[in-house]
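Residue-level structural notes
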Amino acid sequence: MIAPILHAPSSRIIFCTLCIPFLLAVPAQAQENIGLEKGNLSGWTATGDAWNGQPVKGDTVSPRRSGQASDHEGRFWIGGYEPSQSDSGTGTLTSAPFKATQPWASFLIGGGKHKGTRVEIIDTTSGKAIFTAHGEERENMHRVIVDLTKHQGKTIAIRLVDEVKTGWGHINYDDFQFHQSRQSIQPGRIATSPLLKHLTPNPGDAKNSTVSSMWVPEGFQVDLIAAEPDIRQPIAFTFDAKGRIWLAEALAYPRRQKDGKGQDRLIILEDRDGNGSFETKKVFAEKLNLVSGFEIGYGGVFVGAAPHLLFIPDKNGDDQPDGPAKVLLDGWD
C-alpha cells in the first residue's frame with residue numbers, strides 16, 4: 001500500500017489512480033510480418049483453430065457493436081472473436097524469431113483477461129515467456145509496454161495464446177513496435193473518456209512505479225509521502241489543522257476481533273520541515289476493533305468501528321486521548 005500526494009501550489013490532497021506508461025514508436029522489422037500488414041499469417045506458426053480467418057481487415061467491431069472499436073493500427077489485426085463470432089476456438093500463434101534491436105517495445109492487446117488468453121514475448125533460446133499481457137474484457141485494444149533492457153540484442157518471438165472457450169475466451173493483438181526510450185502515452189480508457197482525457201503524465205520523478213505512472217490534471221504532481229513498511233494496511237486518512245496526515249491502519253480487517261483484542265490503530269505522520277517526507281510518526285490510539293473510517297473535530301476523534309460509532313476525546317489536542325473511547329451510536333452490522 002502507498003500513500004501518494006497530489007498537490008498544486010496551494011493545496012494537497014490524496015490522489016490514487018491506475019495508469020499505463022508508453023513510448024515513441026520505432027518501426028519493427030516489416031519482413032517478419034509482425035504487424036500482419038501482409039494480410040496473412042506468413043511468418044507465424046499456428047496451432048489449433050483459434051486463428052482461422054485471421055488476420056482481420058478493418059474494424060469489424062464497430063459495425064458489430066455500436067460505440068465500440070478495435071482501436072487497431074494499419075489495415076490488419078488479430079481479432080479473436082471476429083471471423084467466427086465465437087470464443088470456441090483455441091490454440092497458439094507464434095511469430096518468426098527476430099532480434100530485440102531496442103531496449104523497449106510495445107503492442108496493442110484486447111479481449112479476455114483470463115490467464116488462458118494472453119500475449120507473451122518469449123526468449124527463443126529458453127522458450128520461456130519474458131513478458132505476459134492480458135486483455136481487459138474489452139474489444140478496444142490498449143497499448144502495453146515491454147521492458148527489453150535485459151534482452152536487447154537477443155532473439156525473441158511473440159506468442160498469442162487462447163486456451164479458453166467461455167465468455168471473453170479470445171485475444172486481440174496488433175502493432176508491435178520497438179522504442180529507444182520509455183516515455184508516456186495515454187492509456188486507452190483515459191484517451192477515450194471525456195471526463196479523463198485532459199489528464200497528463202505525472203511530472204514527478206518518483207521511483208515508485210505506481211506513482212510514476214499516475215495521470216493527473218495539468219499543474220498537479222504526485223509525490224510519495226509514505227509507504228509500507230512505515231504504514232500498514234491503511235484504510236482511511238485525513239488531514240488535521242496542522243497539516244499532518246492521520247491514518248487508520250486496519251490490521252485485522254475484515255474480521256472483527258474478540259472484545260479487548262482489537263488490532264487496529266490511528267497514527268499521525270508529520271512533515272515538520274516540509275520536504276515531502278514525514279519525520280515523525282506517533283500512535284494516537286490502538287487496540288481498536290474493525291476501524292473503517294474516522295474524522296477529527298469537536299475536541300476529539302470520531303471513529304467508525306462496526307457496530308459502533310466511537311468518540312475518542314482529546315480536548316487539549318496533545319495527541320493523547322483524555323480517556324477511553326465513548327460509544328455514541330451502535331447497531332451497524
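Read on for a plain summary of the structure. (Residues numbered from 1 in each chain as written. Predicted model: local features only at pLDDT ≥ 70, side-chain atom pairs only at ≥ 80, totals over all residues. Heavy atoms only, no water.)

**A closer look at the nonpolar core**
- Counting 26 residues, the largest nonpolar core has F107, V119, I158, L160, Y173 and F176 as the members making the most contacts within it.
- At four residues, the largest contribution of residues to this core is made by strand β13 (residues 171-179).
- Residue contacts for I158: discarding those within four places in its chain leaves I34, W44, L93, T94, S95, F98, V119, E120, I121, Y173 and F176.
- Of all hydrophobic cores here, the second largest spans 15 residues; its members include W246, A248, L266 and L310. (Core = buried A, V, L, I, M, F, W, Y, C linked by side-chain atoms within 4.5 Å. Buried < 20%, exposed > 50% of the residue type's maximum accessible area, 1.4 Å probe, protein only. Helix = DSSP H or I, 4+ residues; strand = E, 2+ residues; numbered from the N terminus. Contact = heavy atoms within 4.5 Å.)

**Examining a nonpolar patch on the surface**
- Side chains of L328, L329 and W332 sit close together on the surface and give an oily, nonpolar patch of about 300 Å² of accessible area.
- Residue placement: L329 occurs in strand β24 (residues 326-330).
- Assessed through its relative accessible area of 45%, L329 is described here as partly exposed. (Patch = residues over 30% accessible without salt bridge, like charges linked within 9 Å, V, L, I, M, F, W, Y side chains within 5 Å. Areas by Shrake-Rupley, 256 points an atom, 1.4 Å probe, with all protein chains shown as cover. Salt bridge = Lys/Arg side-chain N within 4 Å of Asp/Glu carboxyl O.)

**Some points on the sheet that holds strand β8 (residues 104-111)**
- Spatial strand order, β4-β5-β13-β8-β11: five strands in an open sheet with antiparallel pairing. Unpaired on one side and paired on the other, β4 (56-57) and β11 (138-147) mark the two borders of the sheet.
- Judged from the two bridges that link them, β4 and strand β5 (residues 76-79) form a sheet pairing that is antiparallel. Bridge pairing in β5 links V56 to W77. (Pairing = 2+ DSSP bridges.)

**Considerations on the sheet that holds strand β23 (residues 308-313)**
- Here four strands make up an open sheet; going across it, the order is β21-β22-β23-β24 and the pairing antiparallel. At either end of the open sheet lies a strand with only one pairing partner, and these are β21 (291-296) and β24. Taken over all neighbouring pairs, the strand axes of this sheet differ in orientation by 20° on average, direction set aside. (Axes fitted to C-alpha atoms, helices over the stretch in contact; angles between N-to-C directions.)

**Notes on the packing of aromatic side chains**
- All chains considered together, the criterion is met by 10 aromatic pairs.
- Arranged with centres 6.0 Å apart and planes meeting at 90°, the rings of F237 and F239 form a pair that is edge-to-face.
- Take F237: its relative accessible area is 36%, and that puts it in the partly exposed class.
- The class of F239 is partly exposed, set by a relative accessible area of 28%. (Phe/Tyr/Trp six-rings, centres within 6.5 Å; stacked < 30°, edge-to-face > 60°.)

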